[in-house]
Amino acid sequence: MHSPLFSSAIMIAMSASAALAGDLPNSEITPGLADPALTKDALCAPGFSPKANRNVPSARKKAIYKVYGMAPDSPPCPCEVDHLIPLGIGGSNRPRNLWPQPYSTVPWNSKAKDQLEIKLRTEVCAGTIELSAAQQEIATDWIAAYTKRFGTR
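Read on for an overview of the structure. Because the structure is a prediction, the values reported are computed rather than measured.

Here we come to the state of the cysteines. A complete count under the given rule lists two disulfides for this structure. Between the sulfur atoms of Cys 77 and its disulfide mate Cys 79 the distance is 2.1 Å. Disulfide Cys 77-Cys 79: torsion about the S-S bond near -95°, hence left-handed. The burial state of Cys 77 is the same as that of Cys 79; both residues are buried. Counting only the cysteines that take part in disulfides, in the order they occur along the chain, gives the pairing 1-4, 2-3.

The structure is reproduced here in structure tokens:
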């Protein structure tokens, strides 16, 4: 028979082994990754569309859910496999920039982050923030970046 302390230690170790997406991605799995080919000039050129750069195959999406210990049809999902550094400010399609982000958790969800992504791209193209600074800010803590621009939700 194991002691309660031993059982608690096992439970903590087991829960720590499966990374769970919450409001922020696990920075060890998803630190954010920029695509160096996507410069400010390219991103802010007339006609540029982030959707044209989206390329996340189904197998990669499945792998992202797996590494986070999640399933697309189980809470906190439904989710999207989101780019931590968004394509609109030069984010990469590589796994280290992807995480499962819930659509409808409250107050922080993919819809709130989408608002921030649009705002940051506008700021980058207007020259009010450097591209690398915007990428770093959203990768470090997108909620803090959101709150700085829009206040709390």
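Below, the discussion takes up the environment of Leu 38. When you line up the elements, Leu 38 lands in the loop between helix 1 (4-17) and helix 2 (40-43). Once the C-alpha coordinates of Leu 38 and Gly 91 are considered, the two residues, 53 residues apart in sequence, prove to be 8.0 Å apart. Sequence-distant contacts of Leu 38, defined by excluding residues within four places in its chain, comprise Leu 43, Phe 48, Asn 53, Leu 87, Gly 90, Gly 91 and Leu 131.

As a further point, take the pairing of strand 1 (residues 79-83). For strand 1, a buried count of five out of five residues is recorded, marking the element as mostly surrounded by other parts of the structure. On strand 1, burial covers both faces: Cys 79, Val 81 and His 83 on one face and Glu 80 and Asp 82 on the other are all buried.

This part covers the environment of Pro 78. Mapped onto the fold, Pro 78 is located in the loop between helix 4 (58-67) and strand 1. Sequence-wise, Pro 78 and Thr 105 are 27 residues apart; in three dimensions their C-alpha atoms are separated by 9.4 Å. Beyond its immediate sequence surroundings of up to four residues, Pro 78 is in contact with Pro 72, Pro 102 and Tyr 103.

Look at the link from Pro 75 to Pro 76: it is a cis peptide, with omega at 10°. The topology assignment puts Pro 76 in the loop between helix 4 and strand 1. Residues Val 106 and Pro 107 are joined by a peptide bond in cis, for which omega reads 0°.

To continue, consider the pattern of salt bridges. This model, assessed by the stated rule, comprises five salt bridges. Because the salt bridges share partners, they merge into one network encompassing Glu 123, Glu 137, Lys 148 and Arg 149.

This part covers the packing of aromatic side chains. On inspection of all chains with the given rule, the structure shows three aromatic pairs. One aromatic cluster in this structure is built from Trp 108, Trp 142, Tyr 146 and Phe 150.

The rules behind each value
- Residues numbered from 1 in each chain as written.
- Predicted model: local features only at pLDDT ≥ 70, side-chain atom pairs only at ≥ 80, totals over all residues.
- Heavy atoms only, no water.
- Disulfide = S-S within 2.5 Å.
- Buried < 20%, exposed > 50% of the residue type's maximum accessible area, 1.4 Å probe, protein only.
- Helix = DSSP H or I, 4+ residues; strand = E, 2+ residues; numbered from the N terminus.
- Contact = heavy atoms within 4.5 Å.
- Salt bridge = Lys/Arg side-chain N within 4 Å of Asp/Glu carboxyl O.
- Phe/Tyr/Trp six-rings, centres within 6.5 Å; stacked < 30°, edge-to-face > 60°.

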